[in-house]
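So the chains spell out like this:
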Amino acid sequence: MAKGIFITFEGPEGAGKTTVIKEVYNRLQQQGKYSVLTREPGGIRIAEKIRTIILDNDHEEMDGRTEALLYAAARRQHLTEKVVPALEDGAIVLCDRFVDSSLAYQGYARGLGIDEVLSINEFAIDGLMPDHTIYFDISPEAGLARIAASGEREQNRLDNETLQFHKDVAEGYRLVQKMFPKRIQPIDAGGSVEEVTETVWKTVASFIS
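Residues numbered from 1 in each chain as written. Predicted model: local features only at pLDDT ≥ 70, side-chain atom pairs only at ≥ 80, totals over all residues. Heavy atoms only, no water.

**Details of the overall build of the chain**
Quick reminder of the rule: Only runs of H or I of at least four residues qualify as helices and only runs of E of at least two qualify as strands under DSSP, and these elements are numbered from the N terminus. Each radius of gyration is computed over the set of C-alpha atoms, and the globule rule expresses the reference value as 2.2 Å times the number of residues to the power 0.38. Working rule for contacts: check all heavy atoms of both residues, and any pair within 4.5 Å makes them a contact. All accessible areas in this document rest on Shrake-Rupley with a 1.4 Å probe, and a residue is counted as covered only by the protein chains that are shown. The convention is simple: Lys and Arg are positive, Asp and Glu are negative, and His and the chain ends are not counted. Every charge is mapped to an atom, namely NZ of Lys, CZ of Arg, CG of Asp or CD of Glu.
When its secondary structure is counted, the chain shows eight helices and five strands. Along the chain, helices and strands appear, N-terminal first, in the series β-α-β-α-α-β-α-α-β-α-α-β-α. For the chain, the C-alpha radius of gyration of 16 Å lies close to 17 Å, the compact-globule estimate for 209 residues. Oriented by its inertia axes, the alpha-carbon framework of the chain measures out at about 45 × 35 × 30 Å. Within the chain, contacts between residues separated by at least 24 positions form 79% of all contacts whose residues are at least 6 apart in sequence. Element-wise, carbon and sulfur atoms account for 50% of the exposed surface of the chain, whose accessible area totals about 10,100 Å². Looking at the chain, you have 24 positive and 33 negative side-chain charges, and the mean spots of the two groups are 3 Å apart.

Structure representation (structure tokens):
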């Protein structure tokens with residue numbers, strides 16, 4: 001079958017990605033489009049276990065390079081076990097976070113170097129980059145306020161970082177967008193869930209048309 005389409009969704013904490021992606025996936029299903037919804041780190045059994053290790057609030061002593069390597073390891077297993085087979089089968093794969101997260105969080109905010117973290121991930125992904133990426137653009141302050149106001153989400157180790165760390169993540173994403181301007185499409189994530197969903201849906205529709 002024809003190769004599928006790999007669409008990733010990026011953004012800082014509290015950007016609303018997860019809620020919107022689920023709605024986009026539901027709409028694709030309603031239209032009879034063969035689509036797969038997944039996330040990083042996670043999406044499969046091994047990667048979900050690595051996710052638990054990374055995000056555990058008890059693991060505050062985790063070294064930045066260890067964190068970057070764990071993300072890359074989870075990513076590799078997720079690709080080989082779930083994403084690549086789905087793409088080869090012609091699916092539209094919607095993935096909550098991918099390589100760009102590592103570049104912004106570990107590469108820039110952790111100070112490991114964007115190029116250095118990209119090198120780790122180039123080994124992990126073996127040339128498979130997304131066809132399209134939607135970046136949920138929201139200020140760190142607004143994103144963290146959303147998390148604090150939500151009673152549905154338990155705060156993880158990254159949520160508990162300093163405000164400066166989250167500002168650095170946002171700056172890291174801006175740098176990554178400049179690196180891949182043709183692939184990354186920013187959208188304003190500051191509006192209501194309904195408004196953001198409509199914007200993202202129209203963007204995804206343009207990708208698959």
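**Some remarks on the sheet that holds strand E5 (residues 184-188)**
To keep it simple, the criterion reads: Pairing between two strands is assigned when DSSP locates at least 2 bridges connecting them. Every angle, taken between N-to-C directions, lies between 0 and 180 degrees, and every axis is a line fitted to C-alpha atoms, over only the stretch in contact when it is a helix.
In spatial order, the strands read E2-E3-E1-E4-E5; together these five strands make up an open sheet with parallel pairing. Because the sheet does not close on itself, it has two edges, and the strands there are strand E2 (35-39) and E5. Within this sheet the neighbouring strands show an average axis-to-axis angle of 20°, counted without direction. Across the face of the sheet, helix H1 (residues 17-30) comes into contact with strand E1 (5-10), E2, strand E3 (92-96) and strand E4 (132-137) while running at roughly 165° to E3.

**Describing the UniProt feature "binding site: ATP" (unreviewed entry) in the chain**
Put simply, the rule is: UniProt positions are given in the numbering used here, feature names are shortened, and annotations may be inferred rather than shown by experiment. Each residue is placed in one exposure class: buried if its accessible area under a 1.4 Å probe, protein chains only, is under 20% of its type's maximum, exposed if it is over 50%, and partly exposed if it falls in between.
Under the present numbering, the feature "binding site: ATP" (unreviewed entry) in UniProt falls on Gly11, Pro12, Glu13, Gly14, Ala15, Gly16, Lys17 and Thr18. Position of glycine 11 relative to the elements: it lies in the loop between E1 and H1. The class for glycine 11 is buried, based on a relative accessible area of 0%. Take proline 12: it is sitting in the loop between E1 and H1. On the basis of relative accessibility, which here comes to 4%, the residue proline 12 falls in the buried class. When residues no more than four places from it in sequence are discounted, the contact partners of proline 12 are Arg97, Tyr105, Tyr135, Phe136, Ile138 and Tyr173.

**Examining the nonpolar core**
Note that soluble globular proteins tend to have their nonpolar side chains buried in a common cluster. As a reminder of what qualifies: Here the nonpolar core consists of buried residues drawn from Ala, Val, Leu, Ile, Met, Phe, Trp, Tyr and Cys, with membership extended through side-chain atoms lying within 4.5 Å.
In this structure, Phe6, Val83, Val93, Leu103, Tyr105 and Val169 are the most contacted members of the largest nonpolar core, which totals 34 residues. Counting only elements with at least two residues in this core, the list comes to helix H2 (45-55), helix H3 (64-88), E3, helix H4 (99-109), helix H5 (114-125) and helix H7 (163-179). If you tally residues by element for this core, the top one is H3, at six residues. Those residues within four positions of tyrosine 105 in sequence are excluded, and the remaining contacts are Gly11, Pro12, Glu13, Arg97, Arg110, Leu158, Phe165, Val169 and Tyr173. Core analysis: the second largest hydrophobic core is formed by 19 residues, Val24, Ala189, Val200 and Val204 among them.

**Side note on the packing of aromatic side chains**
Note the following rule: Two aromatic rings from Phe, Tyr or Trp, using only the six-membered ring of Trp, form a pair when their centres are within 6.5 Å; if the ring planes differ by under 30 degrees the pair is stacked, by over 60 it is edge-to-face, and anything between is tilted. Either the NZ atom of lysine or the CZ atom of arginine qualifies as a charge over a ring when it sits within 6 Å of the ring centre and within 35 degrees of the ring normal.
In the structure shown here, the tally under the stated rule is five aromatic pairs. Each ring, one from phenylalanine 6 and one from phenylalanine 98, has its centre 5.1 Å from the other, and the planes form 75°; the classification is edge-to-face. With phenylalanine 6 in strand E1 and phenylalanine 98 in the loop between E3 and H4, the pair connects residues that are 92 residues apart, well separated along the chain. One aromatic cluster is present, formed by Tyr105, Tyr135, Phe165 and Tyr173 through successive ring pairs. If you follow arginine 75 out to its NZ or CZ, it ends over the ring of phenylalanine 98, 5.4 Å from the centre. Over the ring of phenylalanine 180 we find arginine 183, and its NZ or CZ is 4.5 Å from the ring centre.

**Concerning a negative patch on the surface**
Formally: Each patch is built from residues that are more than 30% exposed by relative accessible area and take part in no salt bridge. Like charges join if they lie within 9 Å; nonpolar side chains (Val, Leu, Ile, Met, Phe, Trp, Tyr) join within 5 Å. Salt bridges are defined as contacts in which a side-chain nitrogen from Lys or Arg sits within 4 Å of a carboxyl oxygen from Asp or Glu.
A contiguous patch of negative charge, built from Asp137, Asp188, Glu194 and Glu195, is present on the exposed surface. When you line up the elements, aspartate 188 lands in strand E5. On the basis of relative accessibility, which here comes to 59%, the residue aspartate 188 falls in the exposed class.

**Let's talk about the side chain of asparagine 121**
Just so we agree on the cut-off: N or O atoms closer than or at 3.5 Å make up a polar contact, with two conditions inside protein: a donor-capable atom paired with an acceptor-capable one, and, for residues adjacent in sequence, both atoms drawn from side chains.
In this structure, asparagine 121 sits in helix H5. Taking relative accessible area as the criterion, asparagine 121 reaches 1% and is therefore assigned buried. Here the side chain of asparagine 121 touches arginine 75 through a polar contact of 2.5 Å, side chain to side chain. With residues near it in sequence (within four places) discarded, asparagine 121 still touches Ala72, Arg75, Val99 and Ser102.

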